[in-house]
Amino acid sequence: GAVEARNELFAEFKREYEGSKVTVSQRLSFDDIRRKEVFLTLAACNIETEDGKPLFAFSNEHLDDEGKFKNAWNQLPPMVASEIHEKVLESNVVWKNLGED
């Protein structure tokens, strides 16, 4: 479920060798992790757009579309996004214990 989908963010890890030179790369940001955690957890939200429509679209207490969610998430002020993420970590204690303190 959600834990596996979150862990998928860490799946790509490259190590390249060229003689004695080793290059290690991983494409992952803390913003990617936070956004994925919220996408996997958020079941309802009453934040509205300027025209009074819901910012996030849900069906059966799940967000509908990750691409649309990302666009909506990027419209939030950073402080609001942080508050939402804090609540997500409260309900997913395992994620908080993995370095999000």
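Right above here is the structure, for reference.
Below is a summary of the structure that appears in this document. Keep in mind that what you see is a predicted model, and the values were worked out from it rather than measured.

Parameters and conventions
- Residues numbered from 1 in each chain as written.
- Predicted model: local features only at pLDDT ≥ 70, side-chain atom pairs only at ≥ 80, totals over all residues.
- Heavy atoms only, no water.
- Salt bridge = Lys/Arg side-chain N within 4 Å of Asp/Glu carboxyl O.
- Helix = DSSP H or I, 4+ residues; strand = E, 2+ residues; numbered from the N terminus.
- Buried < 20%, exposed > 50% of the residue type's maximum accessible area, 1.4 Å probe, protein only.
- Core = buried A, V, L, I, M, F, W, Y, C linked by side-chain atoms within 4.5 Å.
- Contact = heavy atoms within 4.5 Å.

### A look at the pattern of salt bridges
(1) Moving on: Counted under the stated rule, the structure contains four salt bridges.
(2) Moving on: Here Glu37 ties to Arg6 by a salt bridge, and the two come within 2.5 Å at their closest N and O atoms. Here Glu37, found in helix H2 (residues 30-41), pairs with Arg6, found in helix H1 (residues 2-7); they are 31 residues apart in sequence, far enough to count as distant.
(3) Moving on: Residue Glu37 is classed as buried on the basis of its relative accessible area of 0%.
(4) Moving on: Judged by relative accessible area, Arg6 falls into the buried class, the value being 2%.
(5) Moving on: Residue Asp32 pairs with Arg35 through a salt bridge whose shortest N-O separation is 2.9 Å. Within this pair, Asp32 and its partner Arg35 are both found in helix H2, separated by three residues, close to a single helical turn. For the pair Asp32 and Arg35, a shared accessibility class is recorded, and that class is buried.

### Some words on the nonpolar core
(1) Moving on: Counting residues in each nonpolar core, the largest one holds 15 residues, and the members touching the most others are Val38, Phe56, Phe69, Trp73 and Leu76.
(2) Moving on: For this core, the secondary structure elements donating two or more residues are H2, helix H3 (66-73) and helix H4 (78-91).
(3) Moving on: Among the elements that make up this core, the one with the highest residue count is H4 (four residues).
(4) Moving on: Contact partners of Val38, with chain neighbours within four places excluded, come to Leu63, Phe69, Trp73, Ile84, His85 and Val88.

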